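Structural overview for review
This is what each chain is made of:
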2 protein chains.
Amino acid sequence: MRAVFHEAQRLHDPERFLVRGSPQPSPEQPARIDALLAGVHQLGLVVEAPRDHGIGPIAAVHSADYLGFLQTIHGEWQGLPGASAEVIPNVHPDRRTATYPDHPVGRAGYHQADTACPIGPETWQSAYWSAQTAVAAADLVLAGAPAAYALCRPPGHHAYADMAGGFCFLNNSAIAAVRCLAAGRRPVVLDVDLHHGNGTQGVFYARGDVLTVSVHVDPHGFYPFFWGHAHERGEAAGLGSNLNLPLPLGTGDDGFLLALGRGIEQIRSFGADVLVLAAGLDAFAGDPFGGLEVTTEGFRRIGGMCAELGLPTVIVQEGGYLCPELGDNLVTLLGGFRDGQAVRG
Amino acid sequence: MRAVFHEAQRLHDPERFLVRGSPQPSPEQPARIDALLAGVHQLGLVVEAPRDHGIGPIAAVHSADYLGFLQTIHGEWQGLPGASAEVIPNVHPDRRTATYPDHPVGRAGYHQADTACPIGPETWQSAYWSAQTAVAAADLVLAGAPAAYALCRPPGHHAYADMAGGFCFLNNSAIAAVRCLAAGRRPVVLDVDLHHGNGTQGVFYARGDVLTVSVHVDPHGFYPFFWGHAHERGEAAGLGSNLNLPLPLGTGDDGFLLALGRGIEQIRSFGADVLVLAAGLDAFAGDPFGGLEVTTEGFRRIGGMCAELGLPTVIVQEGGYLCPELGDNLVTLLGGFRDGQAVRG
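The text that follows walks through the structure, step by step, so that each part is easy to find. Being a predicted model, the structure only gives us computed values, none of them experimental.

Moving on, we come to the interface of chain B and chain A. In this assembly, 45 residues from chain B lie in contact with 45 residues from chain A. Counting the surface lost from both chain B and chain A, the interface buries some 4,100 Å², and carbon and sulfur atoms represent 61% of this. On the chain B side of the contact with chain A, B:R20, B:T99 and B:F226 bury the most area, a combined 20% of that side's loss. At the boundary of chain B with chain A, the tally comes to zero salt bridges. At the surface where chain B touches chain A, the tally comes to 23 residue pairs in polar contact (both at pLDDT 80 or more).

Residue and element names in this part refer to chain A. Where helix 9 (residues 296-307) meets helix 10 (residues 326-344), the closest approach of the two axes is 7 Å, and the angle between their N-to-C directions is 35°. In the packing of helix 9 onto helix 10, the handedness of the crossing is right-handed. When helix 9 is examined against helix 10, the residues T296, E297, F299, R300, I302, G303, G304, C306 and A307 are found in contact with a partner set consisting of D328, N329, T332, L333, G336, F337, D339, G340, Q341 and R344. Counted by class, the contact of helix 9 with helix 10 contains six nonpolar, eight polar and five charged residues.

Another aspect to go through is the layout of surface pockets. Of the volumes computed, that of the largest pocket is approximately 640 Å³. Looking at the largest pocket, it is lined by 32 residues, and the ones nearest its centre are B:F17, B:V19, B:R20, B:Y223 and B:F289. Every element with two or more residues in the lining of the largest pocket is listed here: strand 2 (16-19) and strand 3 (22-25) of chain B. Examining the composition of the lining of the largest pocket, we find that three residues originate from one element, strand 2 of chain B, more than from any other. Partitioning the lining of the largest pocket into residue classes produces 19 nonpolar, ten polar and three charged. In this structure, the second largest pocket spans a volume of roughly 490 Å³. If you trace the second largest pocket, you find 23 residues lining it, with A:V19, A:R20, A:Y223, A:F225 and A:F289 closest to the centre. The element that contributes the greatest number of residues to the lining of the second largest pocket is strand 2 (residues 16-19) of chain A, accounting for three residues. Classifying every residue of the lining of the second largest pocket by side-chain character gives 15 nonpolar, six polar and two charged.

In the superposition of chain B on chain A (RMSD 0.0 Å, axial shift 0.0 Å), the rotation amounts to 180°. Overall, the copies show the geometry of a two-fold rotation axis. When C-alpha positions in chain B are compared against the rotation axis, the closest is assigned to B:R95, at 3.0 Å. In this assembly the copies share their binding face: 100% of the residues contributing to the interface of chain B also contribute to that of chain A.

This part takes up the sheet that holds strand 4 (residues 47-48) of chain B. All names here are of chain B. Taking strand neighbours across the sheet as the criterion, the eight strands line up as 4-1-5-10-9-6-7-8 in an open arrangement whose pairing is parallel. Because the sheet does not close on itself, it has two edges, and the strands there are strand 4 and strand 8 (242-247). Note that strand 6 (residues 187-191) and strand 7 (residues 211-217) share four bridges and pair parallel. In the sheet register, V188 faces strand 7, and the bridge partner there is L211.

The nonpolar side chains of a soluble globular protein tend to be buried, and buried together. All names here are of chain B. If you look at the biggest cluster of nonpolar residues, it comprises 60 residues, and the most contacted ones within it are L70, F169, L170, F204 and V314. Breaking this core down by element, the ones donating at least two residues are helix 3 (64-78), helix 4 (104-111), helix 5 (123-142), strand 5 (147-150), helix 6 (172-182), helix 7 (198-204), strand 9 (274-279) and strand 10 (313-317). The dominant element in this core, judged by the number of residues it contributes, is helix 5, at twelve residues.

The rules behind these values
Residues numbered from 1 in each chain as written. Chains lettered and ligands numbered in written order. Predicted model: local features only at pLDDT ≥ 70, side-chain atom pairs only at ≥ 80, totals over all residues. Heavy atoms only, no water. Contact = heavy atoms within 4.5 Å. Buried area = accessible area lost by both parts, 1.4 Å probe. Salt bridge = Lys/Arg side-chain N within 4 Å of Asp/Glu carboxyl O. Polar contact = N/O pair within 3.5 Å; in protein donor to acceptor, adjacent residues only side chain to side chain. Axes fitted to C-alpha atoms, helices over the stretch in contact; angles between N-to-C directions. Helix = DSSP H or I, 4+ residues; strand = E, 2+ residues; numbered from the N terminus. Left-handed = near helix turned anticlockwise from the far one by under 90°. Nonpolar A, V, L, I, M, F, W, Y, C, P; charged D, E, K, R; others polar. 1 Å grid on protein atoms, 1.4 Å probe; cavity = no way out; pocket = protein on both sides within 12 Å on 5 of 7 lines; lining within 4 Å. Points joined across faces, edges and corners; volume = space filled by probe spheres on them. Least-squares fit on C-alpha atoms with pLDDT ≥ 70 in both. Pairing = 2+ DSSP bridges. Core = buried A, V, L, I, M, F, W, Y, C linked by side-chain atoms within 4.5 Å. Buried < 20%, exposed > 50% of the residue type's maximum accessible area, 1.4 Å probe, protein only.

Everything listed is a geometric property; what it means functionally is a separate question.
Laid out in structure tokens, this is it:
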């Protein structure tokens, strides 16, 4: 298994986000990269930088107005009187009847779902290269590799086609899946992050050609609140192509694997021929978000179960925050997956 | 002309709101009431307290889940670890695919469009009595008064059926209009506040039985950004029953009155038999928001032009913020209206 990563992904350095009305330091820190790279090195994976495939594979998922916004808003924002250093939205449209706004404050509210995705001077650079990393890993798999690991940071699975949210700007997993679609493949996105992959669900919600499955903590009591419920099954051509498997707060390895097993069955029924594994590590018992109780060895079992599908797999890093075991959890997840593939091979 | 006001409207005391990423003191202060009452007294109007008509006339406009939220969220919020003193939203749904959330943070994001409507321990009390004030003024007019003034505070015109925003919680003007509808009348809401009356527009957008007209600063560069554009004309049964008259920044009396004249024509064509005048005073040149350049004497002309319609009129206070002329501007607006009605009578 090869790993992909670009140094520009370190540049985005978010300062704070609003939690229950008060600003808090952002946990989506560049230092996450070092912890994840330590795991990659421990596994002996070769790390390569992605080539630049340009905006094309990104624009296959995200709208042109949103991509323009991400590239220019920080400069425009700095021109507003009294503007904060980071772009933070404060006025949000009810999309049902909204006109697309011209003003930077309006566009911030339109394209940023929450205060957890502040945009700084280098956010675009990091998000762009994080997406290129996902594209490169998809290309490795499309070229015949049984698996590749995309060390994506900032993460992507809360980003919609035209909306950032929850530390995410470009939906790396969706971009990888659409890259596979464009190559004539039939992809599934399986999301094992602590949080529901609402952006990914949103991107594919009305499409039947990509199955989306997410195992996560029940959004009745947890971000992203509005999405991730079991009754959300897709719509129009996508009805039945979205499966949410919400878990009670504090669920441990066995409960997680039971739900994951249901997701695996659905993937088999869908006839997928390539897997995009949206690999968050924040379901860990020691993660600062503290929503689930998956253990370091639990991640090995998760990786092993995913490998049982026998599908070529693009593993895309999602969440997982600073704690002493962050790198170890990546080692067991990827190690469990690699061992599982080896057994099958 | 009689005036209506309830002392409980003073209780809501919002602390701050996020402007371009930074917290600022809220301009929607209880002291606005004293400035407006000074104007009322200068005009020699008798002030009466509203009777309590219960939740009925409010629930005729606002959804049950929203009204439940407004009444209980502050207490629930205080139970969250590290919660701020006021309820301030930080995660917002894209309504197109959202599930109604259970968690207080989710419901805050669902029901609060922006950070300018923080909810404190007494917000519900003040919003409730502000709405009762509008109901009482409507009842005076329905009982035969040529006009009545509702000193509503907090204001209402940015509040949707299920969403607070821009200092507003309950849409007093919409509540007054629906009160008139329920009495078999054909109402129009004419909004002369600096800001577009987006909540009022939203409440009636798909209805053809209430005409909504708003004269305001162009939302391309001003709150509420997403609404108030000239192309927004209503939908379904309401198509053609919404008229937005956006004005360039810095427009003065003549430009304002020219647009108002177009609104008055539309109201005549609609065949309205009762007018709800959503009377913001923040189009004033000296208002802290500084968007338009209407003068104190300009408000007299605005009042006079509204009186030319010859309709029984419920005058509902909307915006207008602390400046030395706030009371004077109410005096000229109501005085101009009263003089105009007297000339016709």
